[in-house]
Amino acid sequence: MHAQILLFDGFDPLDVIAPYEVLVAGSDAVGGELAVELVSAEGARPVPGGTSVNGSSLTLQATGPLDPTLPGFVVVPGAFGPIAGDPDDGVETIPVLLARFGETEAVPLMRRALENPDITVATVCGGSLALAMAGLLDGRHANTHHLGVDFLEATGAVPVNARVVDDGDVVSAGGVTSGLDLALHLLERAYGPRIALAVEQLFAYERRGIVWTDAGRHPQAV
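Residues numbered from 1 in each chain as written. Predicted model: local features only at pLDDT ≥ 70, side-chain atom pairs only at ≥ 80, totals over all residues. Heavy atoms only, no water.

- Within an unreviewed UniProt entry, the label attached to the protein chain reads Transcriptional regulator GlxA family with amidase domain, and the organism entered is Mycolicibacterium iranicum.

Now the structure itself:
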């Protein structure tokens with residue numbers, strides 16, 4: 001099984017690093033059965049993350065291309081940068097970065113990944129917005145950072161206010177730290193609760209919130 005974490009220009013570092021570390025630890029716990037790799041649509045290259053207001057940025061190395069034929073997970077992070085600003089003045093805002101994702105070769109590759117029954121696509125924070133803005137999440141239940149929920153709905157997705165939203169072959173999580181919860185849930189889905197618990201204990205972290213699925217009774221209005 002493979003876990004491909006997709007890097008794109010302007011990615012949010014924590015959206016990448018948190019699931020990466022959890023999934024690598026999970027791979028260690030199952031004897032290396034899960035191959036975890038940082039990839040990009042363009043192949044092996046240094047990929048610059050988003051830039052903070054004071055100019056700080058982090059570059060990570062993609063070691064290969066995104067392969068939508070490999071069974072397992074494809075994890076899409078959100079973007080990092082200022083929320084507001086004038087793009088005409090060169091401000092690389094998060095909305096600009098997410099929209100730019102839709103102009104890259106990542107979109108047809110992600111479409112193929114979503115069509116592959118052996119792949120679960122997972123998103124952290126604005127990663128679901130990147131896919132939704134590219135028309136890839138129409139009618140799908142998903143979550144994103146709380147500041148982007150209205151926009152997520154406007155793009156055609158069905159927002160659910162839960163820490164992790166499991167919609168079958170699409171699993172999404174809220175703000176940046178929820179990448180930990182997302183990756184632990186993916187480990188539990190693939191390898192069972194003992195593996196997820198072992199990684200949780202290794203990181204001295206307890207998962208938060210409910211993993212929402214489209215099942216069960218609807219609550220009565222109170």
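From this point on, the discussion continues.
Notes on the overall build of the protein chain
Thinking step 1. The helix and strand tally for the protein chain stands at seven helices and 12 strands.
Thinking step 2. Computed over its C-alpha atoms, the radius of gyration of the protein chain comes to 17 Å, within 12% of the 17 Å expected for a compact globule of 222 residues.
Thinking step 3. Each principal axis of the C-alpha atoms in the protein chain carries an extent, and together these give about 50 × 50 × 35 Å.
Thinking step 4. Per element, the accessible surface of the protein chain, about 10500 Å² overall, is 54% carbon and sulfur.
Thinking step 5. In the protein chain, which carries 11 positive and 28 negative side-chain charges, the distance between the mean positions of the two groups comes to 7 Å. (Helix = DSSP H or I, 4+ residues; strand = E, 2+ residues; numbered from the N terminus. Rg over C-alpha atoms; globule rule 2.2 N^0.38 Å. Areas by Shrake-Rupley, 256 points an atom, 1.4 Å probe, with all protein chains shown as cover. Lys, Arg positive; Asp, Glu negative; His and termini not counted. Charge placed at Lys NZ, Arg CZ, Asp CG, Glu CD.)

Some details on the packing of helix H1 (residues 13–29) against helix H6 (residues 178–191)
Thinking step 1. Running from N to C, H1 and H6 point in directions that differ by 30°, and their axes come no closer than 8 Å. As the angle between them shows, H1 and H6 are arranged roughly parallel. Seen from above, H1 lies across H6 with right-handed handedness. Taking contact as the criterion, the partners of Ala18, Pro19, Val22, Leu23 and Gly26 in H1 are, on H6, Gly179, Leu180, Ala183, Leu184 and Leu187. (Axes fitted to C-alpha atoms, helices over the stretch in contact; angles between N-to-C directions. Parallel < 35°, antiparallel > 145°, perpendicular 65-115°, else oblique. Left-handed = near helix turned anticlockwise from the far one by under 90°. Contact = heavy atoms within 4.5 Å.)

Brief notes about the sheet that holds strand E1 (residues 2–7)
Think of a sheet as strands paired side by side through backbone hydrogen bonds, with each pair either parallel or antiparallel.
Thinking step 1. Pairing is mixed across the open sheet formed by eight strands, whose spatial order is E5-E2-E1-E6-E7-E11-E10-E12. Two strands close off the open sheet at either side, each with one partner strand: strand E5 (64–65) and strand E12 (211–213).
Thinking step 2. Sheet topology places E1 next to strand E2 (residues 35–40); six bridges connect them, and they run parallel. In the sheet register, Leu6 faces E2, and the bridge partner there is Val39.
Thinking step 3. The strands touched by helix H3 (residues 106–115) are E1, strand E6 (72–76), strand E7 (119–123) and strand E11 (170–173); relative to E7, the strand with the most contacts, the crossing angle is about 130°. (Pairing = 2+ DSSP bridges.)

Concerning the layout of surface pockets
Thinking step 1. Volume-wise, the largest pocket comes out at about 360 Å³.
Thinking step 2. What lines the largest pocket is a set of 16 residues, and nearest its centre among them are Ile83, Ile94, His145, Leu147 and Gly148.
Thinking step 3. Going through the elements one at a time, helix H2 (94–101) and helix H4 (127–133) are the ones with two or more residues in the lining of the largest pocket.
Thinking step 4. Looking at the lining of the largest pocket, the element that brings in the most residues is H2, giving three residues.
Thinking step 5. Its residues assigned to classes, the lining of the largest pocket shows 11 nonpolar, four polar and one charged.
Thinking step 6. Here the second largest pocket is characterised by a volume of approximately 200 Å³.
Thinking step 7. As for the second largest pocket, its lining consists of 13 residues, of which Asn143, Thr144, His146, Asn161 and Gly174 are closest to the centre.
Thinking step 8. A breakdown of the residues in the lining of the second largest pocket according to their chemical character gives four nonpolar, seven polar and two charged. (1 Å grid on protein atoms, 1.4 Å probe; cavity = no way out; pocket = protein on both sides within 12 Å on 5 of 7 lines; lining within 4 Å. Points joined across faces, edges and corners; volume = space filled by probe spheres on them. Nonpolar A, V, L, I, M, F, W, Y, C, P; charged D, E, K, R; others polar.)

Remarks on the pairing of E7
Thinking step 1. The buried count for E7 comes to five of five residues, which makes it a mostly enclosed element.
Thinking step 2. A two-sided burial pattern is seen for E7, the buried positions comprising Ile119, Val121 and Thr123 on one face and Thr120 and Ala122 on the other.
Thinking step 3. By the bridge criterion, five bridges tie E6 to E7 in an arrangement that is parallel. Across the sheet, the residue bridging to Val75 is Ala122, located in E7. (Buried < 20%, exposed > 50% of the residue type's maximum accessible area, 1.4 Å probe, protein only.)

Quick word on unusual backbone geometry
With the exception of glycine, the majority of residues adopt a negative phi angle, and the majority of peptide bonds are in the trans configuration.
Thinking step 1. Although it is not a glycine, Cys125 adopts a positive phi angle of roughly 55°.
Thinking step 2. Take Cys125: it is sitting in the loop between E7 and H4.
Thinking step 3. Look at Cys125 and you get buried, because its relative accessible area is 8%.
Thinking step 4. Even without a glycine there, the phi angle at Ala204 is positive, about 50°.
Thinking step 5. Mapped onto the fold, Ala204 is located in the loop between helix H7 (193–202) and E12.
Thinking step 6. Ala204 gets classed as exposed once you look at its relative accessible area, which sits at 72%.

Some details on the environment of Ile210
Thinking step 1. Looking at the secondary structure, you find Ile210 in the loop between H7 and E12.
Thinking step 2. Put simply, Ile210 and Val47 are 163 residues apart on the chain and 33 Å apart in space, counted from C-alpha to C-alpha.
Thinking step 3. In this structure, Ile210 is in contact with Ala162, Arg163 and Val164, ignoring residues within four places of it in sequence.

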